[in-house]
Amino acid sequence: MMPQTPAARVCSHCDGFPVVHITTGTIPDGQRRTLAATCPACKGTGTRTAAALARAGK
């Protein structure tokens, strides 16, 4: 029998979308500038550990 590993829970702050790109507008040549923003709760992984959920009270 194979050992069971606990399933990772989806981060409740970002719902599994840990990195988003935010547009800051266009520059004179027509290209768009974007900034990447990562979820501060899961640090960009999209999942939360059991220990992190216990600390957050979830």
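## Observations regarding the overall build of the protein chain
Part 1 of the argument: Counting its secondary structure elements, the protein chain contains 1 helix and 4 strands.
Part 2 of the argument: Secondary structure of the protein chain in N-to-C order comes out as β-β-β-β-α.
Part 3 of the argument: Looking at the protein chain as a whole, 16% of its 58 residues are labelled buried.
Part 4 of the argument: Within the protein chain, contacts between residues separated by at least 24 positions form 45% of all contacts whose residues are at least 6 apart in sequence.
Part 5 of the argument: For the protein chain, the computed accessible surface area is about 4,900 Å², with 59% contributed by carbon and sulfur atoms.

## A short note on the pairing of strand β2 (residues 19–26)
Part 1 of the argument: Sheet topology note: the β2/strand β3 (residues 32–38) ladder contains 7 bridges and is antiparallel. Bridging from a neighbouring strand, Val19 pairs with Thr38 of β3.
Part 2 of the argument: The hairpin formed by β2 and β3 contains 5 residues between the paired strands, and Gly30 there has a positive phi angle of roughly 95°.

Each value, and the rule that gives it
- Chains are numbered independently. Their residues run from 1 in the order of the written sequence.
- With pLDDT at 70 or above as the cut-off, local features in this predicted model cover only qualifying residues; side-chain atom pairs require 80 or more to be listed or tallied, and sums for whole chains, interfaces and linings still use all residues.
- Each side-chain value is derived from all of the structure's non-hydrogen atoms; neither hydrogens nor water enter the calculation.
- In this description a helix means any DSSP run of H or I spanning at least four residues, a strand means any run of E spanning at least two, and both kinds are numbered starting from the N terminus.
- Categorising residues by exposure relies on relative accessible area from a 1.4 Å probe, with only protein chains included: less than 20% of the type maximum marks a residue as buried, more than 50% marks it as exposed, and the intermediate range marks it as partly exposed.
- Residue contacts follow a heavy-atom distance rule, with two residues in contact if any of their heavy atoms lie within 4.5 Å.
- Exposure was quantified through the Shrake-Rupley algorithm and a 1.4 Å probe, taking into account, for residues, occlusion by the shown protein chains and nothing else.
- DSSP calls a pair of strands paired once it identifies at least 2 bridges connecting them.

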